[in-house]
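Fold and geometry: a report
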Number of protein chains: 2
Amino acid sequence: MTARRSDATRAAILAAARERFATDGFERATIRAIAADARIDPSMVMRYYGNKEALFAAAADFDLRLPDLGDTPRDEVGAALVRHFLERWEDDETLMALLRTAVTKEAAAERMRSIFAGQIGPIAARLSPDPAQAATRAGLVATQMLGFALCRFVLRLPPVVAMPAEEAVAWFSPTVQRYLTGEVDLYFSHDR
Amino acid sequence: MTARRSDATRAAILAAARERFATDGFERATIRAIAADARIDPSMVMRYYGNKEALFAAAADFDLRLPDLGDTPRDEVGAALVRHFLERWEDDETLMALLRTAVTKEAAAERMRSIFAGQIGPIAARLSPDPAQAATRAGLVATQMLGFALCRFVLRLPPVVAMPAEEAVAWFSPTVQRYLTGEVDLYFSHDR
DNA sequence: CTCGTTTGCCAACACTTGTTGGCAAACCAT
DNA sequence: ATGGTTTGCCAACAAGTGTTGGCAAACGAG
């Protein structure tokens, strides 16, 4: 009963939309192109998803799917996070669609904010020496992870693209670890 | 002789273009809107800049203007870089225009690449323990600096927006410093 | 089979986009 | 003043956009 004959079409549209949004961003990804990829008429997209914004909302539904790090040793959480993030990015183009769009569409930016606050926030809350710093620490982690993804997958800076995954893990893990559990070095916070 | 009467108009168009590209990105910034901001007819934009791409190229002309860090102590270069980058970003919207556009336009991405390779590369080349790692280290610095800018100015993650400039410097300086002069910790590069 | 429902396509809409050509006013050297 | 050049605006174009309504074929319960 719940299985309609059009479910395959719906899924094809969604898959094509994710791909187009990921490679072209929201504006350049046209309904017509998405429909063509899904081998369907553009009007079907509207019938099944209402409008372009709603289609994007459906296509950009994303979960970091962070594993439970409860039993990971405190000083290894950074590495685990970096590794998971890198894998997640590589096998799901949704994050790419989200980032490419979040830069110019407020709704997508808001989703990005809620993903990072909602999923990295709790981890930071558990690890931060001072609970009041949890949000700040989650933000710091986001800057490094998103910066890496931006440079590697979107801007494609050659040295960042060429870097083997494990070397990236080696470089970024200590950074993320420090953002989560380290202390602020006040030495740097005063002009000299 | 070289000072034409239309130079003021040209400048007004360029200023309006920079602003629109910075806040809206390339696609959403329309020639008509830019012309309206400059209180000029859209056709003038075309006459003076040829087409939209060329206008963007002119508006997105950017230089990091890194100071000569030759006499900065080796272990303070990270802090100096972070501070300079933050200031540069705050008082020149060109970088914002560039980033918002580089995410979907290859030409802008290429310009971003050349800016970071050409301006951070030499610094990394001078500081890197191993000259062969210079490009990689410059790329690492780019991930953290661009990631910070992305989260603070574009995505506007609340904790990153709220962070005082000097606290940001305190957090990011050690990271950048390590990317420039630190050693890779192989401990993190093996699964356990 | 029969008839209402679902699925799909076609054609068109209203609108916005970058871009162009022509025309009038302002300018400026002679 | 005169003639050519510069500056600006208007109106329009061609192309592409999201979106809509209607119509035909396929489907599926009775």
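The name an unreviewed UniProt entry gives chain A is TetR family transcriptional regulator, with Actinoplanes italicus as the organism.

Within chain A, the regular secondary structure consists of ten helices and zero strands. N-terminal to C-terminal, the α/β element order of chain A is α-α-α-α-α-α-α-α-α-α. Principal-axis analysis of the C-alpha atoms places the extent of chain A at approximately 60 × 40 × 30 Å. Of the contacts made within chain A by residues no fewer than 6 positions apart, 69% connect residues no fewer than 24 positions apart. Carbon and sulfur atoms form 52% of the exposed surface of chain A, whose accessible area is close to 8600 Å². In chain A, 24 positive and 26 negative side-chain charges are present, and the distance between their average locations comes to 7 Å.

Now for the confidence of the model for chain A. Confidence along chain A averages 94 in pLDDT terms, with 94% of residues attaining 70 or more. Every residue in residues 188-192 of chain A scores below 50 in pLDDT, and together they form 15 contacts with partners more than four places removed in sequence or on other chains.

Attention now goes to the protein's contact with DNA strand D. By nearness alone, 21 residues border DNA strand D, and Thr30, Arg32 and Lys52 of chain A together with Ser6 and Asp41 of chain B come closest of all. For DNA strand D, a phosphate oxygen lies 2.8 Å from a polar atom in the backbone of aspartate 41 of chain B. Tyrosine 48 of chain B has a polar side-chain atom sitting 3.3 Å from a phosphate oxygen of DNA strand D. Within the residue set of the surface near DNA strand D, elements represented by two or more residues are α2 (31-37) and α3 (42-49) of chain A together with α3 (42-49) of chain B. Element by element, the count of residues in the surface near DNA strand D is highest for α3 of chain B, at four residues. Split by residue class, the surface near DNA strand D holds six nonpolar, six polar and nine charged.

The next thing to look at is the UniProt feature "domain: HTH tetR-type" (unreviewed entry) in chain A. The UniProt feature table records "domain: HTH tetR-type" (unreviewed entry) at residues 7-67 of chain A. A helix fraction of 74% and a strand fraction of 0% characterise residues 7-67 of chain A, whose end C-alpha atoms lie 30 Å from each other.

The transform that puts chain A on chain B rotates by 180° and translates by 0.0 Å along the axis, for an RMSD of 0.0 Å. What we have between these two chains is a two-fold relation. No C-alpha of chain A lies nearer the rotation axis than that of glycine 147 of chain A, which sits 1.7 Å from it. Mapped onto chain B, 100% of the interface residues of chain A are again interface residues, and the two copies thus contact each other with one and the same surface.

Okay, empty space enclosed by the protein next. Tallied over the entire structure, the rule returns three cavities of 30 Å³ or more. If you trace the largest cavity, you find 13 residues lining it, with Glu27 and Thr104 of chain A together with Glu27, Arg100 and Thr104 of chain B closest to the centre. Of all elements in the fold, only α1 (7-28) of chain A together with α1 (7-28) of chain B reach the threshold of two or more residues within the lining of the largest cavity. Residue contributions to the lining of the largest cavity peak at five residues, all from α1 of chain B.

Definitions and limits used
Residues numbered from 1 in each chain as written. Chains lettered and ligands numbered in written order. Predicted model: local features only at pLDDT ≥ 70, side-chain atom pairs only at ≥ 80, totals over all residues. Heavy atoms only, no water. Helix = DSSP H or I, 4+ residues; strand = E, 2+ residues; numbered from the N terminus. Contact = heavy atoms within 4.5 Å. Areas by Shrake-Rupley, 256 points an atom, 1.4 Å probe, with all protein chains shown as cover. Lys, Arg positive; Asp, Glu negative; His and termini not counted. Charge placed at Lys NZ, Arg CZ, Asp CG, Glu CD. pLDDT = per-residue confidence, 0-100. Near = heavy atom within 4 Å. Polar contact = N/O pair within 3.5 Å; in protein donor to acceptor, adjacent residues only side chain to side chain. Nonpolar A, V, L, I, M, F, W, Y, C, P; charged D, E, K, R; others polar. UniProt positions renumbered as here; feature names shortened; annotations may be inferred. Least-squares fit on C-alpha atoms with pLDDT ≥ 70 in both. 1 Å grid on protein atoms, 1.4 Å probe; cavity = no way out; pocket = protein on both sides within 12 Å on 5 of 7 lines; lining within 4 Å. Points joined across faces, edges and corners; volume = space filled by probe spheres on them.

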